Amino acid sequence: MSSNSFPYNEQSGGGEATELGQEATSTISPSGAFGLFSSDLKKNEDLKQMLESNKDSAKLDAMKRIVGMIAKGKNASELFPAVVKNVASKNIELVAGSVVMAFEEVCPDRIDLIHKNYRKLCNLLVDVEEWGQVVIIHMLTRYARTQFVSPWKEGDELEDNGKNFYESDDDQKEKTDKKKKPYTMDPDHRLLIRNTKPLLQSRNAAVVMAVAQLYWHISPKSEAGIISKSLVRLLRSNREVQYIVLQNIATMSIQRKGMFEPYLKSFYVRSTDPTMIKTLKLEILTNLANEANISTLLREFQTYVKSQDKQFAAATIQTIGRCATNILEVTDTCLNGLVCLLSNRDEIVVAESVVVIKKLLQMQPAQHGEIIKHMAKLLDSITVPVARASILWLIGENCERVPKIAPDVLRKMAKSFTSEDDLVKLQILNLGAKLYLTNSKQTKLLTQYILNLGKYDQNYDIRDRTRFIRQLIVPNVKSGALSKYAKKIFLAQKPAPLLESPFKDRDHFQLGTLSHTLNIKATGYLELSNWPEVAPDPSVRNVEVIELAKEWTPAGKAKQENSAKKFYSESEEEEDSSDSSSDSESESGSESGEQGESGEEGDSNEDSSEDSSSEQDSESGRESGLENKRTAKRNSKAKGKSDSEDGEKENEKSKTSDSSNDESSSIEDSSSDSESESEPESESESRRVTKEKEKKTKQDRTPLTKDVSLLDLDDFNPVSTPVALPTPALSPSLMADLEGLHLSTSSSVISVSTPAFVPTKTHVLLHRMSGKGLAAHYFFPRQPCIFGDKMVSIQITLNNTTDRKIENIHIGEKKLPIGMKMHVFNPIDSLEPEGSITVSMGIDFCDSTQTASFQLCTKDDCFNVNIQPPVGELLLPVAMSEKDFKKEQGVLTGMNETSAVIIAAPQNFTPSVIFQKVVNVANVGAVPSGQDNIHRFAAKTVHSGSLMLVTVELKEGSTAQLIINTEKTVIGSVLLRELKPVLSQG
Amino acid sequence: MIHSLFLINSSGDIFLEKHWKSVVSRSVCDYFFEAQERATEAENVPPVIPTPHHYLLSVYRHKIFFVAVIQTEVPPLFVIEFLHRVVDTFQDYFGVCSEPVIKDNVVVVYEVLEEMLDNGFPLATESNILKELIKPPTILRTVVNTITGSTNVGDQLPTGQLSVVPWRRTGVKYTNNEAYFDVIEEIDAIIDKSGSTITAEIQGVIDACVKLTGMPDLTLSFMNPRLLDDVSFHPCVRFKRWESERILSFIPPDGNFRLLSYHMLSWDVGKINPQKLPSLKGTMSLQAGASKPDENPTINLQFKIQQLAISGLKVNRLDMYGEKYKPFKGIKYMTKAGKFQVRT
């Protein structure tokens, strides 16, 4: 709407939406193109076109007009799908939060609805808006506690949970017996832990806290340590955030001291902190106190005691008392310190000290006569009732140790009885009773006097107590046998009070929740369930890819459906690409810790314990993998054969997975092999996310039923196969951000799309043997290069396999063919032993397969290395329509065309197999095809932007024609040479 | 989620209320007032207060309590963080966030609140999107609105909300393209009576003011990125590139925003000549008639050092991709005292 819409608004008076809608329609509708006065039917066609158009503005206009129509009561139902598509398709990340929110409100118990969406949610998490992240993380925490087995080891618990200490050895043995089977983490469990980690860096405190509680509740204890730093960082935030975070740290620090010990000083109190923050910090400091740091802490506490904030000073004294009971080495020191405080000028401080000393003395009633005498003297000066009561109680309890003082105190108290506080009166009665029992000669009269005073006291509690005591201690006719035991009753050994943290029992609430903060179960709080003994079936999380099956149904009619499904495929594709790239990154990255090995390796470990033959397989596959991929290839071939007994479909499956695997990383190969060999059919299918192909075949068998669930987020399925519909996809990754920029420069026909598939295959750049311990691998992420639009982006992973630091890793002398350019990575200061780092660089290969040679240098050495790009990596996929493709192909004939005939078994000519094989070799995008016997792929060269058109036309029998049209005939023929064997191979 | 919001000033008047679901009676705030009385000081009012049927979560900023009413379990930080975002937004819109200003702009305040929460769930909390939906008040617009009776509600749907860069609106145009970055470091320290340092840490932020046309893609690299260990980012920063290359790569929001904040535990002072120890001297005088304080008070220090980041952090270069023009770039360093306390 333009600015001249103001007067319209005014006229319509805002009340009549219909009118407004009308006005809006007329002002928006672009002149000419969409007839304003056309019939309804026609108009809907216009709207449909607008909704399908590439321009956001047109879409928005169309939506406004539809709202107008609805307001007028016109039927717009046929536009519904087109609208939903626009609302739902692109940025599924934006709605995921709301969906989960709704789920949490409507049916939080329906764990079964989460299964199918679990992996999607995990993979999407980073791109979801921040508020959605919080809700999703909380939900997934609860989910994980019901679906996975505990990653916590027995040893861990022993260490930080006092309870187990008392358990008999037998108990423990039993437990260990039960746990004989080595623990391996479910890959889905690992996925969640891994994907939430970057969110610790969020600027939103709620997100950081959510991740922290997730780590606390579901990660192995050895890994939970990483959250401390982030939580400590939050302490710089507003007081409200501090308050909540400190509360959670307080609970954590009780159970696992070690986590926050390095940050002890971050909890030092500042005079400007509000009292509630101060008290919480104090609580944490107490929890963290141990023999090693107690002296520092006590010095710090000394400063706090002097604080102007008396409430805080009193809390500090309590704290000192707790430290004294917890750490026996300092008990005496603390007691002496507290006694010094008895002469403090401030009454509150003195009173609190008295109370704490009373508790301490009660715990070790040994020779502390001196302190008691000192305190008896204080009675003359101190006025705080609690303190007076405490002193009286203490004297009464130890009246036999201070035989001279106690009666005198009673005398004084008898004098002031009437003016004392109720609390003190009760203790005077107590003292009298105790003295009467131990020293009746001196105190009989005094006690009787006090009892008489108490009899007529205003407070019924005191009158009550007086009557009770009198009956108990003064023997008379009425009092029965009980008075004989009066001494035992009054002077019984009393259990010492336990000085405990108020946060001790909070850990049964999920951290980060309202219930935890209040220490009361809040309305709608959901208990965090205990880990199951045996993990429920993990296959429930597998997702069937329905869209795909439809996509590939060989018939002309499929096209219609394709266009309708377009928006599914968009997001799938992008997810897929980002997924695989992130996988490869993090796996090659430095995951340390006991369980820190990547999911794949965990898997093969599990297998090895169950099946020794597969162990050998996977071992050999893994070992030799990096140096010699062929071993791995052979393995997978052998597997394909062994599986073939399951029938033709099975056979097809194994082969397809075979072909997809042999180009991907060899580590992956080995793990997938061992799995499908060692496990029963159904399970092997269910296991891995990466087994896209398997899912597809599984689908052939299962009827195509799509259950409609409330939490159906199927439209952003991250595990599906790449689809032959490379509409310019929006991806949350860097790629997409860049895309918008590149789009503007290229023509409408050649628009770069996201890669349909990113092989995880890595190439050795520098072997660790020749690199004196420095190993380097490179990999083509198939992303447009950030350093220059003519460059191919390359990721290099450097590993330090030595036991010392490697310093100053950089690129030295470059020997590049003429015209070639290279953007090097920034020098790396140092790489820790066992460390690994991934860096990006860009090379402009000038559309040739010439080798780029350069030196990879460390502080001490230089190694000659070179990168020769596979021809398929010199391309960027482009999105174009079939029509455009044919048009361009028509131009690039004659010299620009090369072709070859391929002969292969028919099962290799299914659309999915061909697609997978082609995108594996080359970074091309598929072109939607109207004929199911012709497959088209399009790309442009990175340097010159020349088109590269690949056509696979299936012929009669088992032959096919492979045609490549391009101006760059050299690359074209090289690509043809590479594609030919791949396509004809079984 | 968030049911209602009450704004309460320091004298205990509810001067604004907004309900997203059903209307919750004002009387629910009585529990809050009780807690306020008990706390004696405003900053000691507990942020979470349970009442029989609701939970009150509050933040206290600019002498105003923002009290959210909750009915069921919710992560408390979620609500608190949101309330702070509301205050930030008000500040962004009106320059200051105070009772009179909120009262003056009550229409815009309601409009903004309506967009920020949808049925109690945060919706548009990015200031760039909000500003497209609801135009910040200007004198001219206020005058026009008073005469025509129209509102500040924008008549375009925000384009950013549907894109992958929701924090940036499309179609930004400037005649002068400029990008300024401020590296601001604060030293938090506690100095002992004897002069020894008990704790010292650096809290740093990089605040940016980016006014660039179109969709610029910026990369910011540091001379010594390894200094940055404990960081948190604006959502626009591509985390993966930071992980792999230690480069900040991002499509910036339009206008002012906090690009990153970091935290360093150690503070390397360097070499100090023991013969010439640097010293700061100051005098303290008590007001006439005031009694001498019980103990020696803790002294809070304030200072500023221009053109220096105490951690040694240095920006190497800023590059722009995706747009053709040449932007004007500027970087400023500053160190100030954060919570710098000297115990005496």
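See above for the structure.
Anyway, here's the lowdown on the structure attached to this text. Position labels on residues start from 1 in each chain and follow its written sequence. Written order decides the labels, with chains lettered from A and ligands numbered from 1. Restriction of local features to residues with pLDDT of at least 70 applies here, the model being predicted, together with a cutoff of 80 or more for giving and counting side-chain atom pairs; totals for whole chains, interfaces and linings are based on all residues. Side-chain numbers come from the whole structure's heavy atoms, not from hydrogens or water.

1. Digging into the overall build of chain B
Then comes step 1: Secondary structure elements are defined from DSSP: runs of H or I of at least 4 residues count as helices, runs of E of at least 2 residues count as strands, and each element is numbered from the N terminus. A tally of regular secondary structure across chain B gives 7 helices and 17 strands.
Then comes step 2: Throughout, exposure labels follow a simple rule: accessible area from a 1.4 Å probe, protein chains only, divided by the maximum for the residue type, with under 20% read as buried, over 50% as exposed, and the rest as partly exposed. Looking at chain B as a whole, 51% of its 344 residues are labelled buried.
Then comes step 3: The contacts in chain B between residues at least 6 apart in sequence include a share of 66% that link residues at least 24 apart.
Then comes step 4: Carbon and sulfur atoms provide 53% of the accessible area of chain B, an area that totals close to 16400 Å². Between two residues, a contact is recorded if the distance between any of their heavy atoms is within 4.5 Å. Note on areas: these come from Shrake-Rupley sampling with a 1.4 Å probe, and a residue is covered only by the protein chains present in the view.

2. Looking at the overall build of chain A
Then comes step 1: What chain A contains, in helices and strands, is 42 helices and 16 strands.
Then comes step 2: With 986 residues in all, chain A has 56% of them scored as buried.
Then comes step 3: Expressed as a percentage of contacts within chain A between residues at least 6 apart in sequence, the contacts between residues at least 24 apart total 68%.

3. Some thoughts on the state of the cysteines
As used in these notes, a disulfide is a covalent bond between sulfur atoms, one from each of two cysteines.
Residues and elements named next belong to chain A.
Then comes step 1: Our working definition of a disulfide is a cysteine sulfur pair at a distance within 2.5 Å. Evaluation of the coordinates by the stated rule reveals 1 disulfide over all chains.
Then comes step 2: The residue that forms a disulfide with cysteine 857 is cysteine 862, at a sulfur-sulfur distance of 2.4 Å. Measuring handedness by torsion sign, the sulfur bridge of cysteine 857 and cysteine 862 sits at about 105° and is right-handed.
Then comes step 3: A relative accessible area of 44% means that cysteine 862 is categorised as partly exposed.
Then comes step 4: Left unpaired, cysteine 323 is separated from the closest cysteine sulfur, that of cysteine 334, by 6.4 Å.

4. Considering a nonpolar patch on the surface
Residue and element names in this part refer to chain A.
Then comes step 1: On the surface, a nonpolar cluster with roughly 310 Å² of combined accessible area is contributed by Leu482, Tyr485 and Ile489.
Then comes step 2: Along the chain, the position of leucine 482 falls in the loop between helix 27 (460-473) and helix 28 (486-490).
Then comes step 3: Exposure remark for leucine 482: the relative accessible area of 53% places this residue in the exposed category. Candidate patch residues must exceed 30% relative accessible area and have no salt bridge, after which like charges are joined if within 9 Å and Val, Leu, Ile, Met, Phe, Trp or Tyr side chains if within 5 Å. Salt bridge, as used here: a side-chain nitrogen of Lys or Arg that lies within 4 Å of a carboxyl oxygen of Asp or Glu.

5. Thoughts on the pattern of salt bridges
Then comes step 1: In total, this model carries 41 salt bridges over all chains according to the counting rule given.
Then comes step 2: Between glutamate 240 of chain A and arginine 239 of chain A there is a salt bridge, and its shortest N-O distance comes to 3.1 Å.
Then comes step 3: Taking relative accessible area as the criterion, glutamate 240 of chain A reaches 1% and is therefore assigned buried.
Then comes step 4: With relative accessibility at 11%, the residue arginine 239 of chain A sits in the buried group.
Then comes step 5: Counted as one network, the salt bridges with shared partners bring together Glu130 and Arg203 of chain A together with Glu81, Arg85 and Glu126 of chain B.

6. Re the sheet that holds strand 4 (residues 792-800) of chain A
Residue and element names in this part refer to chain A.
Then comes step 1: Taken in spatial order, the 5 strands line up as 2-3-4-8-6 in an open sheet, and their pairing is antiparallel. Two strands in the sheet have a free side with no partner beyond their single neighbour: strand 2 (763-766) and strand 6 (821-823). Geometrically, the sheet is characterised by an average inter-axis angle of 30° between neighbouring strands, direction not taken into account.
Then comes step 2: A pair of strands is treated as paired once DSSP finds two or more bridges between them. Pairing geometry for strand 3 (residues 774-779) and strand 4, over 6 bridges, is antiparallel. Bridge pairing links leucine 774 to asparagine 800 in strand 4. Every axis in this analysis is a line fitted to C-alpha atoms, fitted for helices over the stretch in contact. Angles between the N-to-C directions lie between 0 and 180 degrees.

7. Let's talk about unusual backbone geometry
Residues and elements named next belong to chain B.
Then comes step 1: For asparagine 119, which is not glycine, the phi dihedral falls at a positive 50°.
Then comes step 2: With respect to the helices and strands, asparagine 119 occurs in the loop between strand 6 (117-118) and strand 7 (121-122).
Then comes step 3: The backbone of arginine 246 sits at a positive phi, close to 60°, despite the residue not being glycine.
Then comes step 4: Of note, arginine 246 is situated in the loop between helix 7 (239-245) and strand 12 (247-250).
Then comes step 5: By relative accessible area, which is 25% here, arginine 246 ends up partly exposed.

8. Considerations on the sheet that holds strand 12 of chain B
All names here are of chain B.
Then comes step 1: Pairing in this open sheet of 3 strands is antiparallel, and the strands run 12-10-16 from one edge to the other. The open sheet has two free edges, formed respectively by strand 12 and strand 16 (315-321), since each of these has just one partner strand. Pairs of neighbouring strands in the sheet enclose a mean axial angle of 15°, with direction left out of account.
Then comes step 2: In this structure, strand 10 (residues 217-222) lies alongside strand 12, joined through 4 bridges in antiparallel fashion. Each residue of the ladder has a partner; that of threonine 219, found in strand 12, is serine 249.

9. A look at the packing of helix 25 (residues 422-438) of chain A against helix 27 of chain A
Residue and element names in this part refer to chain A.
Then comes step 1: It is at 10 Å that the axes of helix 25 and helix 27 come closest, and there the two elements cross at 5°. Between helix 25 and helix 27, the interaxial angle falls into the category roughly parallel. Facing helix 25, whose interface residues are Asp422, Lys425, Leu426, Leu429, Asn430, Ala433, Tyr436 and Leu437, helix 27 presents Ile462, Arg465, Thr466, Ile469 and Ile473.
Then comes step 2: When the residues that make up the contact of helix 25 with helix 27 are grouped by side-chain class, the tally is 8 nonpolar, 2 polar and 3 charged. Oblique is the label for any angle not under 35 degrees, not over 145, and not in the 65 to 115 range, which are roughly parallel, roughly antiparallel and roughly perpendicular in turn. Residues are sorted three ways: Asp, Glu, Lys and Arg are charged, Ala, Val, Leu, Ile, Met, Phe, Trp, Tyr, Cys and Pro are nonpolar, and all the rest, Gly among them, are polar.

10. Regarding the side chain of arginine 239 of chain A
Then comes step 1: Residue position: arginine 239 of chain A is located in helix 15 (residues 239-255).
Then comes step 2: Counted as a polar contact is a pair of N or O atoms within 3.5 Å, where, for protein atoms, one must be capable of donating a hydrogen and the other of accepting one, and residues adjacent in sequence contribute only when both atoms are in side chains. There is a polar contact of 2.6 Å between the side chain of arginine 239 of chain A and the backbone oxygen of glutamate 43 of chain B.
Then comes step 3: Excluding anything up to four places from it in sequence, arginine 239 of chain A contacts Pro274, Met276 and Ile277 of chain A together with Ala42, Glu43, Asn44, Val45, Tyr60 and Phe65 of chain B.

11. Examining helix 42 (residues 969-984) of chain A
Residue and element names in this part refer to chain A.
Then comes step 1: Working rule for helices: expected span equals 1.5 Å times residues minus one. In this model, helix 42 (16 residues) spans 22 Å end to end at C-alpha, consistent with the 22 Å of a helix rising 1.5 Å per residue.
Then comes step 2: Looking at helix 42, one finds that the buried residues are Ile971, Gly972, Val974, Leu975, Leu976, Leu979 and Leu983.
Then comes step 3: Next to the buried residues of helix 42 lie strand 11 (875-879), strand 12 (897-903), helix 41 (911-921), strand 14 (934-941), strand 15 (947-954) and strand 16 (959-966).

12. Examining the interface of chain A and chain B
Then comes step 1: Counting from both sides, the interface comprises 85 residues of chain A and, opposite them, 84 residues of chain B.
Then comes step 2: Values labelled buried area give the accessible surface lost by two parts on being combined, using a 1.4 Å probe and summing over both. Between chain A and chain B lies a buried interface of about 7500 Å² when both sides are counted; carbon and sulfur atoms form 56% of it.
Then comes step 3: At the boundary of chain A and chain B, one finds 8 salt bridges.
Then comes step 4: Here arginine 203 of chain A makes a salt bridge to glutamate 126 of chain B, at a shortest N to O gap of 3.0 Å.
Then comes step 5: Seen at the junction of chain A and chain B, the total is 32 residue pairs in polar contact (both at pLDDT 80 or more).
Then comes step 6: Looking at the side of chain A that touches chain B, its residues break down into 36 nonpolar, 29 polar and 20 charged.

13. Observations concerning helix 24 (residues 405-416) of chain A
Then comes step 1: Taking 1.5 Å per residue as the helical rise, helix 24 of chain A with its 12 residues ought to reach 16 Å, and the 17 Å between its terminal C-alpha atoms agrees with that figure.
Then comes step 2: Listing the buried residues of helix 24 of chain A in full gives Ala406, Pro407, Val409, Leu410, Met413, Ala414 and Ser416 of chain A.

14. Examining the nonpolar core
Then comes step 1: Take the buried Ala, Val, Leu, Ile, Met, Phe, Trp, Tyr and Cys residues and link them wherever side-chain atoms come within 4.5 Å; each set so joined is a nonpolar core. Counting 189 residues, the largest nonpolar core has Leu231 and Phe267 of chain A together with Phe66 and Phe90 of chain B as its most contacted members.
Then comes step 2: Per-element tally for this core: the top contributor is helix 13 (residues 205-218) of chain A, with 12 residues.
Then comes step 3: If we ignore the near neighbours within four places in the chain, the residues touching phenylalanine 267 of chain A are Val232, Leu235, Leu246, Ile249, Phe260, Lys281, Ile284, Leu285 and Leu288 of chain A.
Then comes step 4: Grouped together as the second largest cluster of nonpolar side chains are 34 residues, Val165, Trp167, Ile206 and Val231 of chain B included.

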